Structures are given as C-alpha cells and as structure tokens.
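# Observations on chain architecture
So the chains spell out like this:
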Amino acid sequence: MIKTAEYTISSARVEQCPAGNLPEFAFIGRSNVGKSSLINMLTGKSHLAKTSATPGKTVLINHFLVNGQGAKGRGEKNTKAGNNPLAPCSLPLAPKDAWYLVDLPGYGYAKRGQQQRDELQRMISGYILRREQMMNLFLLIDVRHEPQRIDMEFIQWLGENGIPFSIVFTKADKLSKGKLAANVKFYLDELSKEWEELPPYFVTSSETRQGRDELLDYIESIIQ
C-alpha cells in the first residue's frame, strides 16, 4: 500500500537522476496512452503527475518518491543531484521501505520535430539501459487499439537488451468485457509469434481503479 508519494526531481539525462540505491519502477508508453492518469491512480494523488489534453507534455525523467508503509525511520539521503544546476543540493530523507516511481517521456509523438524526437530517444534509452536502480519497466498499451508497430518494435528492443518489463493495458473501462478480453488475447497472440515466454501483463483503468492492487502487489514482490 502506498502511504505517501511526492515529486522529487526532473532530469534531462540519466546522470542527473537521484543518487542512492532505492529501487525504481519506470512507466513509459506512447503519447496519450494515459500514463499520468495511471500514475495518479496508483499513488492515490490526483495531481501528482500532470495530465493534459495535449499529448507529449512529458519531456524529462520525473522521479516521485513513494513510501509504501508510512514509516518515518532513517533512510537514504541523496546529497548529489547530478550536474543539473537547477536541482536542489540535497533531496529528502527516504524511509527504508521507499522506492521511486519514474515517469518517462512518451514516444511516438509525431508533432515533435526530428531533433526533439532524437533527444528524447537518447534520454529514454540512456535511462533504460544505464540506470541500475531500475527494477522493472512498465510499458503502457492502450487496450482499445490493435497492436501498433512502434509498440511491437519497442518491445522487441527491450527483449534484445534484456530489460525486465511488464505490459500494462490501459483504458479498460472504455470497452465491454467481451471486447476487452478479445483485444488482450489478440495482443498476446501477436507477441507469442516472436516470444517463447510472454512478459507479465496487467489490465487497468484509471477511472475504475482496476488493476491497482495487482500492480502494487507486483512491485512489492519485486522489492522483497
């Protein structure tokens, strides 16, 4: 269970991410997949991650410090915030049972210029490939749509690089139960053509809070 969650820092490069060894769980997906709404639903704070009607707003690596048990004992103190001159010189004391929820920029937003798309790609791949504290990457997929090429290619890239990840189907409340089950099955069948063993997956809705307990239980099991 999440007791507290608070914004910590935004970083333009992996080197600027918080120091220390707290476990991190990152969330990523195509623009407009409902990432901010899912983060707010998981943490129980409706305005923690900023939602917008305009997709593609997240352009930095955003860290949120999560306290799962509400403990106030001594933990890690991050006294180094990388090379970001705008970052605070020290970060809050972290309880021993704390972890970071990381909001990564969305990919595939066509209205960005090529230079910005390249910069975001370097930022995303730099974090995913080099951030040792990342325990798992949650890849968000809009369950209303058929498998998109950009998502399938990203999944393939994760597999080729041995990245631990899970799939999170979002916006489940937008479909009937029958259509929801059919869409999930179709997606998994497509993955089965290339994958011997499928990654863990979760079906969620930010509106109904479906999948919240399952996701948090999964995170807790990895930490333990």
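Scope of this entry: the structure provided in the associated data block. Predicted model only: the values in this text are computed from it and were never measured.

Helix and strand counts for the protein chain come out as 5 helices and 9 strands. In the protein chain, the order of α-helices and β-strands from amino to carboxyl end is β-β-α-β-β-β-β-α-β-α-β-α-β-α. With 224 residues in all, the protein chain has 48% of them scored as buried. Partitioning the intrachain contacts of the protein chain with sequence separation of at least 6 by distance along the chain shows that 80% fall at a separation of at least 24.

A separate point is the pattern of salt bridges. Inspection of every chain in the model, using the stated rule, returns 11 salt bridges. Note that Lys185 is salt-bridged to Asp189, the shortest N-O span being 2.9 Å. In this pair, Lys185 and Asp189 both sit in helix 4 (residues 177-192), 4 residues apart, roughly one turn of the helix. Owing to a relative accessible area of 36%, Asp189 belongs among the partly exposed residues under this scheme. One network of salt bridges, with partners in common, ties together Arg13, Glu15 and Arg130.

Within the secondary structure layout, Gln133 lies in the loop between helix 2 (114-130) and strand 7 (134-142). Judged by relative accessible area, Gln133 falls into the buried class, the value being 15%. Apart from the residues lying within four places of it in its own chain, the contact partners of Gln133 are Pro18, Gly20, Asn21, Leu22, Pro23 and Glu24.

Judged by nonpolar contacts, the single largest core of 36 residues is most densely connected at Ile28, Leu104, Tyr127, Ile128, Leu137, Phe154 and Ile155. Broken down by secondary-structure element, the contributors of at least two residues to this core are strand 2 (24-29), strand 3 (61-67), strand 6 (98-103), helix 2, strand 7, helix 3 (149-160), strand 8 (165-170) and helix 4. Within the second largest apolar cluster, 22 residues are counted, among which are Val33, Phe64, Val168 and Ile219.

Analysis parameters
- Residues numbered from 1 in each chain as written.
- Predicted model: local features only at pLDDT ≥ 70, side-chain atom pairs only at ≥ 80, totals over all residues.
- Heavy atoms only, no water.
- Helix = DSSP H or I, 4+ residues; strand = E, 2+ residues; numbered from the N terminus.
- Buried < 20%, exposed > 50% of the residue type's maximum accessible area, 1.4 Å probe, protein only.
- Contact = heavy atoms within 4.5 Å.
- Salt bridge = Lys/Arg side-chain N within 4 Å of Asp/Glu carboxyl O.
- Core = buried A, V, L, I, M, F, W, Y, C linked by side-chain atoms within 4.5 Å.

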